[in-house]
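A structural walkthrough
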Amino acid sequence: MAWTSYQLLLAGMMLTTGSINTLSAKWADNFNAKGCNGSESHQFQHPFLQAVGMFLGELSCLAVLYILICRNRSSPVPTIEPSQPFNPLLFLPPALCDMTGTSIMYVALNMTSASSFQMLRGAVIIFTGLLSVAFLGRKLEWSQWLGICITIAGLVVVGLADLLSGPGAGKNLSDVITGDLLIIMAQIIVSIQMVLEEKFVYKHNVHPLRAVGTEGLFGFVILSLLLIPFYYIPAGGLSNSERPVLEDSLDAFCQIGNQPLIFLALLGNIISIAFFNFAGISVTKEISATTRMVLDSLRTVVIWVVSLALGWETFHALQILGFIVLLLGAALYNGLHKPLMCRRCRGESEETQGLLQGERRDPINSD
């Protein structure tokens, strides 16, 4: 069945904003600007402040929800079910995981390429599958186990491509390796977040936009407060500012004042996060979760092509192979092979359905 104009708009919005999300963050990292008190020009390296901006984008989903609720009240045919009472503190543990994982990934983005950053995030399938078996009692099908194994192989190929292309792109090899490992470590935390959402949040039937916004509220408030002690915690070589601390927010604002394009990049990241979450949820509802997964994979291609065009990284054929292997692993894990194997695919039971598959099994928020 052909897509409607609205469905095409949602798919295009998800692909575009999802790509802008990563590209804008990397664009900000590539700037060099003077800091406070006329300090020498240095790289904009403020991952925790960028993470605060990301949570601000998630928080704006609450505003979108209230707009939809107001429209729903005036509509003759309501489309949004009344919200069930729930304890907002249920979102605190997932929000803490989101905050930690996102901060680590922004640190890693300073060290590795945008395309590798996006590809390596596919490791979340491995840890989500294993944790869902251990803590949710889910039984994975053979295709999901095979998808996990293929995903591991894909990660090895992408890592090898980084090792071979890093020196040629002018990157420090140790930074590239550290960045890749940090991304994979962050996926462990993200998978814990998804399992917590599955176990404690989904059963309350909370609207996805409310869930995204509530987690964004917790993440924004907590991480904003943490910026104060981070300003005094020594970080050694991890910081590029004159004060080698974990996060020099004042230096960040001075750099933004000296180079306004950094503000444009950060604003693009905040806005794209909000629209990407809205578009992703809408794609799942209006089309299918499978389409959402495919579009999420396609944005990796967009990010890679744009990064090559802008000269942010050099071409390496192994990245293509790594992407194809990772895409194959994700497809098997999410059951995309089943329509090819049978004409009439029987609906899967709740017990064997993948944690990343289905309308109720999508991650509450993604970036």
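As the structure is a prediction and not an experimental result, all values here were calculated from the model. (Residues numbered from 1 in each chain as written. Predicted model: local features only at pLDDT ≥ 70, side-chain atom pairs only at ≥ 80, totals over all residues. Heavy atoms only, no water.)

1. A short note on the overall build of the protein
Worth spelling out the cut-off: To qualify as a helix, a DSSP run of H or I must reach at least 4 residues; to qualify as a strand, a run of E must reach at least 2; elements of each kind are numbered from the N terminus. The buried label goes to any residue with under 20% of its type's maximum accessible area, the exposed label to any with over 50%, and the partly exposed label to all in between, with areas taken from a 1.4 Å probe on protein chains only. In short, Shrake-Rupley with a 1.4 Å probe defines the accessible areas, and a residue's cover is counted only from the protein chains shown.
Scanning the protein from terminus to terminus reveals 13 helices and two strands. The buried share of the protein, reckoned over its 367 residues, is 53%. Carbon and sulfur atoms make up 68% of the accessible area of the protein, which totals about 17,000 Å².

2. Focus on the pattern of salt bridges
Here is the rule: Think of a salt bridge as a Lys or Arg side-chain nitrogen and an Asp or Glu carboxyl oxygen that are within 4 Å of each other.
In the structure shown here, the tally under the stated rule is one salt bridge. Between D296 and R299 there is a salt bridge, with its nearest N and O atoms 2.7 Å apart. With a gap of three residues between them, D296 and R299 both fall in helix α11 (residues 289-309), about one helical turn apart.

3. A closer look at the nonpolar core
The test is simple: The nonpolar core is taken to be a set of buried Ala, Val, Leu, Ile, Met, Phe, Trp, Tyr and Cys residues, with the residues joined through side-chain atoms within 4.5 Å. Note on definitions: a residue-residue contact is assigned when non-hydrogen atoms from the two residues lie within 4.5 Å.
Of all hydrophobic cores here, the largest spans 51 residues; its most connected members are F44, L223 and I262. Beyond its immediate sequence surroundings of up to four residues, I262 is in contact with F31, A33, F44, Q255 and I256.

4. Observations concerning the confidence of the model for the protein
Here is the rule: By definition, pLDDT measures how confident the predictor is in each residue, and it falls between 0 and 100.
Per-residue pLDDT for the protein averages 84, and the proportion of residues at 70 or more is 85%. Least confident of the elements in the protein is helix α13 (residues 338-341), whose mean pLDDT is 64; most confident is helix α3 (residues 92-109), at 93. This model gives residues 347-353 a pLDDT under 50, and the stretch forms 15 contacts once residues within four places in sequence are excluded.

5. Comments concerning the side chain of S282
Operational definition: Each polar contact in these results corresponds to two N or O atoms within 3.5 Å; when the atoms are within protein, one needs to be able to donate a hydrogen and the other to accept it, and residues that are neighboring in sequence are counted only if both atoms are side-chain atoms.
With respect to the helices, strands and loops of the structure, S282 is situated in helix α10 (residues 260-286). A distance of 2.8 Å separates the side chain of S282 from the backbone oxygen of F278, its partner in a polar contact. With residues near it in sequence (within four places) discarded, S282 still touches L10 and I287.

6. So, a nonpolar patch on the surface
Put simply, the test is: Put simply, a patch holds well-exposed residues, over 30% relative accessible area, that have no salt bridge, with like charges counted together within 9 Å and Val, Leu, Ile, Met, Phe, Trp or Tyr side chains within 5 Å.
A surface patch of nonpolar side chains, amounting to about 510 Å² of accessible area, comprises L160, L163, L164, L173, I177 and L181. Secondary structure elements with two or more residues in the nonpolar patch: α6 (142-165) and α7 (173-201). Along the chain, L173 falls in helix α7.

7. A closer look at α3
To keep things clear, this is the line we draw: In a helix, the anticipated span is given by 1.5 Å times the number of residues less one.
Helix length check: α3, at 18 residues, gives a terminal C-alpha distance of 25 Å against a target of 26 Å (1.5 Å per residue), a fit within 8%. With 13 of 18 residues buried, α3 lies mostly within the body of the structure.

8. A look at the packing of helix α1 (residues 5-29) against α10
Rule in force here: In this analysis, axes come from line fits to C-alpha atoms, helices being fitted only over the stretch in contact, and the angle between any two N-to-C directions falls in the range 0 to 180 degrees. Crossing handedness is defined as follows: a turn of the near helix away from the far one that is anticlockwise and smaller than a right angle gives a left-handed crossing, while the clockwise case is right-handed. Under the convention adopted here, Pro, Cys and the residues Ala, Val, Leu, Ile, Met, Phe, Trp and Tyr are nonpolar, Asp, Glu, Lys and Arg are charged, and Gly plus all remaining residues are polar.
α10 packs onto α1 with a crossing angle of 150 degrees between their chain directions and a minimal axis gap of 7 Å. In this structure, the crossing between α1 and α10 has a hand that is left-handed. Taken together, the residues of the contact of α1 with α10 break down into 19 nonpolar, ten polar and one charged.

9. Observations regarding the state of the cysteines
By definition, a disulfide links two cysteine residues through a covalent bond between their sulfur atoms. Heads up, the condition is: Defined by distance alone, a disulfide is two cysteine sulfur atoms within 2.5 Å.
The tally for this structure, following the rule as stated, stands at one disulfide. Through a disulfide, C36 is tied to C254; the S-S separation comes to 2.0 Å. On the S-S bond that ties C36 to C254, the torsion sits near 90 degrees, and the link is right-handed. Here C36, found in the loop between β1 (32-33) and β2 (42-43), pairs with C254, found in helix α9 (residues 249-258); they are 218 residues apart in sequence, far enough to count as distant.

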